[in-house]
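Listed here are the chains, written in short residue letters.
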Amino acid sequence: MIYIERTEVDLDKAPLVLWENKLLTGTVTATTEATDAQVENLLTDSTFDYWKPTTTSGTVTCNFPPSTAGSVVGIAAHDLGTQGATITIKWGTSTLATVSPTDDTTILVFFQQVNFGSLASDAFKLEITGATAAPSIGNLFLGTPLIFETGIVPSYTPLWMSESIELLQNTSLGGQFFQNRVVRKSAETSVNLNILERSEVESTSFQAFRNHYNSGKTFFWAAGPSVFDKDGAYARRTSGGELKPTFRNDGIFYQVSLQLEAYVG
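These figures come from a predicted structure and were not determined experimentally.

### What about the packing of aromatic side chains?
Phase 1: Using the criterion set out here, one finds 13 aromatic pairs in the structure.
Phase 2: Between Trp19 and Phe209, the ring centres sit 6.2 Å apart and the planes meet at 55°, which makes this aromatic pair tilted. In this pair, Trp19 sits in the loop between strand S2 (16-18) and strand S3 (27-30) while Phe209 sits in helix H2 (residues 204-214), placing the two residues 190 residues apart along the sequence. For the pair Trp19 and Phe209, one class covers both residues: buried.
Phase 3: Between the aromatic rings of Phe148 and Phe209, the centroid separation amounts to 6.4 Å while the plane-to-plane angle is 55°, which identifies the pairing as tilted. Here Phe148, found in the loop between strand S11 (146-147) and strand S12 (163-168), pairs with Phe209, found in helix H2; they are 61 residues apart in sequence, far enough to count as distant.
Phase 4: The structure contains a cluster of three or more aromatic residues connected by ring pairs, namely Trp19, Phe148, Phe206, Phe209, Tyr213 and Phe219.

Structure (structure tokens):
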């Protein structure tokens, strides 16, 4: 689910990726962590390991080099909705956003951009409160998104409705149905972005994302936060889905396509 906890702007209708996790540049600590559920697990690409406090509340703090900007938090592979938890994002003692998830789907929270830093007064904090049992979080990102202002070319299937479910099917010799069992769940979709300026695609920031994407690393995707509030996903590229911009219109524009696989809990 996507939460915009600031004044909405027109660019909130555009697709984006949150890929550069600033938490990797800082020092991350937690007030409490269960055995084999250390806070460092938040910073891996994998979804099977997680941070879990020993009580129904806990705080993750990160101190950064000076002037580390952030405006979006991404949370994946969690059970915050199931446990009835509330998350509060802080800049020192100032509250930037407070949300209470109603389910365990991927979360993106947008707030007014601030510069986090090394002092307690400007540190990043994620507070978890109000849970009925100790919650867990598998993945946590903080950063500034890369926005594709030109939008998506139809047709596009949202990732939250792009499930691929492999079943272990059972049928008797007489044609009777037995109970099926889910073997594997995933979600995949193709995204064709509207033509992008050559200068944008060849820029340092876009090329840095392209390298991240092509290397199979994870990121958060949103098709248009203010329009498609359910279409936020923790994703990576599919096998064979490298990002290969193609010239259009005599070399003035590029056509760019993303082949996405999303985490399904």
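Read on, since the account is not over.
### Some thoughts on a nonpolar patch on the surface
Phase 1: Together, Ile165, Leu167 and Val182 make up an exposed nonpolar region whose accessible area comes to about 250 Å².
Phase 2: Among the structural elements, Ile165 can be located in strand S12.

### What to know about unusual backbone geometry
Phase 1: The omega torsion across Pro154 and Ser155 is 0°, close enough to zero to call that bond cis.
Phase 2: Relative to the helices and strands, Ser155 is located in the loop between S11 and S12.
Phase 3: The phi dihedral of Ser67 falls on the positive side, at around 60°, and the residue is not glycine.
Phase 4: Take Ser67: it is sitting in the loop between strand S4 (58-63) and strand S5 (68-78).

### So, the sheet that holds strand S6 (residues 86-91)
Phase 1: Taken in spatial order, the five strands make up an open sheet running S3-S4-S9-S6-S7, and their pairing is antiparallel. Edge positions in the sheet fall to S3 and strand S7 (94-99), since each of these pairs with one other strand and no more. Averaged over all pairs of adjacent strands, the angle between strand axes in this sheet comes to 15°, irrespective of strand direction.
Phase 2: Taken together, the six bridges between S6 and strand S9 (residues 124-129) define a ladder with antiparallel strand orientation. For Lys90, the partnering residue across the bridge sits in S9 and is Lys125.

### Here we look at the layout of surface pockets
Phase 1: One number sums up the size of the largest pocket: a volume of about 520 Å³.
Phase 2: In terms of lining residues, the largest pocket is bounded by 22 residues, among which Thr105, Thr106, Tyr263, Val264 and Gly265 are the most central.
Phase 3: Sorting the residues of the lining of the largest pocket by element identifies S5, strand S13 (181-197) and strand S15 (232-237) as the ones contributing at least two each.
Phase 4: For the lining of the largest pocket, the residue count by class is nine nonpolar, seven polar and six charged.

The rules behind these values
- Residues numbered from 1 in each chain as written.
- Predicted model: local features only at pLDDT ≥ 70, side-chain atom pairs only at ≥ 80, totals over all residues.
- Heavy atoms only, no water.
- Phe/Tyr/Trp six-rings, centres within 6.5 Å; stacked < 30°, edge-to-face > 60°.
- Helix = DSSP H or I, 4+ residues; strand = E, 2+ residues; numbered from the N terminus.
- Buried < 20%, exposed > 50% of the residue type's maximum accessible area, 1.4 Å probe, protein only.
- Patch = residues over 30% accessible without salt bridge, like charges linked within 9 Å, V, L, I, M, F, W, Y side chains within 5 Å.
- Areas by Shrake-Rupley, 256 points an atom, 1.4 Å probe, with all protein chains shown as cover.
- Salt bridge = Lys/Arg side-chain N within 4 Å of Asp/Glu carboxyl O.
- Pairing = 2+ DSSP bridges.
- Axes fitted to C-alpha atoms, helices over the stretch in contact; angles between N-to-C directions.
- 1 Å grid on protein atoms, 1.4 Å probe; cavity = no way out; pocket = protein on both sides within 12 Å on 5 of 7 lines; lining within 4 Å.
- Points joined across faces, edges and corners; volume = space filled by probe spheres on them.
- Nonpolar A, V, L, I, M, F, W, Y, C, P; charged D, E, K, R; others polar.

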